[in-house]
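# A look at the structure
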Amino acid sequence: MKGQEARCYYQPQPSKLAVAFWSSDFKMPDLLTPGKFVNRSSLPSALPALLALDLALVLIAWGGAFWLRFNLDVPDEFVAMAWGSAVYAVFGYAAGLLWLGVYRQVWRYIGLPELRRMVLAIFAGAVFTAVVVLMLRIENFPRSILLLHPLIVVILLSAARAVWRTMFELQSRDTVGQPLLIVGSLSDASTALRALKGARQWRPIGIVSPIASERGLSLQNIRVLGGLDALNDISRAVGASTALIASPPGSAQRRAVLLQAPEAGLVLLTLPRPDAWLREEVVGPRHIELDDLLGRDPVQLDVQGLSDLLSGQTVLVTGAGGSIGSELCRQIARFGVARLVCVDLSEYAIYQLEQELRAAHPQMQGLYYTANVRETERLLAIAGLHRPTVVFHAAAYKHVPLMESLNEVEALRTNVLGTLNTARVAGAVGATRFVLISTDKAVNPTNVMGASKRLAELVMQSVAAEYGGTRFMAVRFGNVLGSSGSVVPLFSAQIARGGPVTVTHPDIVRYFMTIPEASQLVLQAGLMGRSGQIFVLDMGEPVKILDLAKILIRLSGKSEQEVPIVFTGLRPGEKLYEELLANGETTLPTPHPKLHVAKTNTPGHLNPDDVRKDIDSLGSDPAASSLRDWLQSLVPEYSVR
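Residues numbered from 1 in each chain as written. Predicted model: local features only at pLDDT ≥ 70, side-chain atom pairs only at ≥ 80, totals over all residues. Heavy atoms only, no water.

### Section: the packing of helix 11 (residues 323–334) against helix 18 (residues 515–528)
For the pair helix 11 and helix 18, the least separation of the axes is 9 Å and the interaxial angle reads 65°. Here helix 11 runs over helix 18; the crossing is right-handed. Contact residues: Ser-323, Ile-324, Glu-327, Leu-328, Gln-331, Ile-332 and Arg-334 in helix 11; Ile-515, Pro-516, Ala-518, Ser-519, Gln-520, Val-522 and Leu-523 in helix 18. Here the residues of the contact of helix 11 with helix 18 sort into eight nonpolar, four polar and two charged. (Axes fitted to C-alpha atoms, helices over the stretch in contact; angles between N-to-C directions. Helix = DSSP H or I, 4+ residues; strand = E, 2+ residues; numbered from the N terminus. Left-handed = near helix turned anticlockwise from the far one by under 90°. Contact = heavy atoms within 4.5 Å. Nonpolar A, V, L, I, M, F, W, Y, C, P; charged D, E, K, R; others polar.)

Take a look at the structure:
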């Protein structure tokens, strides 16, 4: 510690031992880096007062230890001994408290971790004091003092901090804040209350627990007022207009609360998931959203593997302006790609993506092309110029009713020929991986869109045989919350207009996942897949579209009486429920729990060039029956309804 001007904030009158202890040749062991000695500039401005208070309590404890040692009657000669040796206790405890960084703590928020560090500092101070006293060989010094004293110090210093925090909490409780009900078990409520500490906008006034045995208990002086069935009565009784749902995403409790919230006039809030705290600009309570209610566990990515695959590389994404394509671009940019080539037919979509990525990743070289995947020469020119390592093919027509009538041939040209063009271009420029974004509607398809995507999978597998140096794979998943053309934006627009909300059938069900989850699993599949494989994502439990409509209505703060639901009947080509595997297909497990490989029954060898010729020969306005007959000849599981 030579040459340093300030070693600690407080130094008593030095004895010979103290001078030796603090000599310039002494080196403090660096046992706990966070609590090393620091200079004045890094210590809090209130340190002199806090240190003085603690050392005063250390002195009181020193006298109290003598008082207890002699049964509340200290002989005169030991009174002098106590006063004479107190300087060593003050010195030792000051060293321990400063050494372990106790004064970096904020007393108003003190908890068990801070108390544990304080106890460790007191132990260090007790050791310092004992070493000094024993080395000085003070005559007739009672050794039990050295054991009694730190115990009393722990009690006094803990009490001082507890009183300080209690006064702060009492003061905070009196501040103006909106009354807030916490909905969830005591375990969930405990996490929520910790997150709300210091948030003066909210004032928790009660807990509503789904666990009957917890009713009547209290947590941090906040009582469990009842169960979910009494939510309406509780909110009215305590005058709360807001409830924070502390139960985990996707739990039945969240849905139960939502069904009762409009009747109680409650605004529903939730806290971000742990994985979202670092990404959110506002990390406090936020309004609950649909994916919180249908919630799924965060995807566990092989970050190291994806970094090795993408970092410093060139990646090309088709359909980059779409819901899945744009999220893929965001996820890919996180892994430090050197160059991201974004291709989309829509000028406005690619412009929006360009603005977003340039602001979020200014260090990344982004290249934004308006191009059509149907045009082989244009794709080859782009890919030949940049030589991508990985190609993600997300460009597709996906709206079932639109592709079912009037636009059938367009679905084939974009979904089938676009896939053929992009796959061959990826192989021609030497890409190591090509990933096709497919759909669960390709399984036992009943519509042109689904059949075209199944044919795209078959084309991809055929191209895989042409280019041995490139791994070709496809990823199937179901509906994505909030994607363009999906049911959620449609319902939201209908609710905003005051209804009615149109549901095709009361029993229709669909699988759902979030856009980030789908995109992350596509990346993971691209990392681990072998050529020709088709991956199936774990979509969780299917959701009734009727329930989805009700949830969205409740999220808007309205009821079904205000926004009615009407049934319109299944549309052409629409299934009552979607499948993830075709008849006769099975899945094989992978190292990732949410990814499975579909073991498909591929019908013979498919010649992609023949497919191209057939589609070109269909003309611009083919007879619907001839097109469907041709599709059935290549996709036997396709059934026309």
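The discussion continues.
### Details of the side chain of Gln-494
Considering the arrangement of structural elements, one finds Gln-494 in helix 17 (residues 487–496). Once residues within four sequence positions are removed from consideration, Gln-494 is found in contact with Gly-499, Pro-500, Val-501 and Thr-502.

### Things to note about the confidence of the model for the protein chain
The pLDDT averaged across the protein chain works out to 79; a share of 77% of its residues lies at or above 70. Looking across the protein chain, the model is least confident in helix 1 (residues 16–21), with a mean pLDDT of 37, and most confident in strand 8 (residues 314–318), with 97. Per-residue pLDDT stays below 50 along residues 1–43; that stretch engages in 62 contacts with residues further than four places along the chain or on separate chains. (pLDDT = per-residue confidence, 0-100.)

### Looking at helix 4 (residues 112–136)
The terminal C-alpha atoms of helix 4 lie 36 Å apart, and with 25 residues this matches the ideal 36 Å at 1.5 Å per residue to within 8%. Every buried residue belonging to helix 4 is among Met-118, Ala-121, Ile-122, Ala-124, Gly-125, Ala-126, Phe-128, Thr-129, Ala-130, Val-132 and Val-133, and all of these are buried. Trailing helix 4 by a residue or two, Arg-137 shows a phi angle of about 50°, which is positive. (Expected span 1.5 Å × (residues − 1). Buried < 20%, exposed > 50% of the residue type's maximum accessible area, 1.4 Å probe, protein only.)

### Some points on the pattern of salt bridges
A complete count under the given rule lists 15 salt bridges for this structure. In this structure, the salt-bridge partner of Arg-628 is Glu-404, at a minimum N-O distance of 3.2 Å. In this pair, Arg-628 sits in helix 21 (residues 624–634) while Glu-404 sits in helix 14 (residues 400–404), placing the two residues 224 residues apart along the sequence. Here Arg-413 and Glu-410 are joined by a salt bridge, their closest N and O atoms 3.4 Å apart. Taken together, the residues Arg-413 and Glu-410, both in helix 15 (residues 408–428) and three residues apart, mark about one turn of the helix. Arg-413 sits in the buried class, given a relative accessible area of 19%. (Salt bridge = Lys/Arg side-chain N within 4 Å of Asp/Glu carboxyl O.)

### Let's talk about the packing of aromatic side chains
For the structure shown, the criterion picks out seven aromatic pairs. An aromatic cluster is defined as three or more aromatic residues linked by ring pairs; in this entry it consists of Trp-62, Phe-66 and Phe-141. Looking at Arg-69, its charged tip hangs above the ring of Phe-70, at a distance of 4.8 Å from the centre. (Phe/Tyr/Trp six-rings, centres within 6.5 Å; stacked < 30°, edge-to-face > 60°. Lys NZ or Arg CZ within 6 Å of the ring centre and 35° of its normal.)

### Considerations on a nonpolar patch on the surface
Taken together, the side chains of Leu-120, Phe-123, Val-127, Val-131 and Met-135 present a nonpolar region at the surface, about 470 Å² in accessible area. Tracing the backbone shows Val-131 in helix 4. (Patch = residues over 30% accessible without salt bridge, like charges linked within 9 Å, V, L, I, M, F, W, Y side chains within 5 Å. Areas by Shrake-Rupley, 256 points an atom, 1.4 Å probe, with all protein chains shown as cover.)

### Let's talk about the packing of helix 3 (residues 76–99) against helix 4
At a minimum axis separation of 7 Å, helix 3 and helix 4 run at an interaxial angle of 145°. Relative to helix 4, helix 3 is oriented so that their crossing is right-handed. Between helix 3 and helix 4, the contacting residues are Tyr-88, Ala-89, Gly-92, Tyr-93, Ala-95, Gly-96, Leu-97 and Trp-99 on the first element and Ala-121, Ile-122, Ala-124, Gly-125, Ala-126, Phe-128, Thr-129, Val-132 and Leu-136 on the second.

### Quick notes on unusual backbone geometry
Of the consecutive residues Gly-499 and Pro-500, the connecting peptide bond is found in the cis state with omega at 0°. Structurally, the position occupied by Pro-500 is in the loop between helix 17 and strand 15 (501–503). A positive phi angle is found at Asn-444, which is not glycine, with a value near 45°. If you trace the backbone, Asn-444 turns up in the loop between strand 12 (433–437) and helix 16 (448–464).

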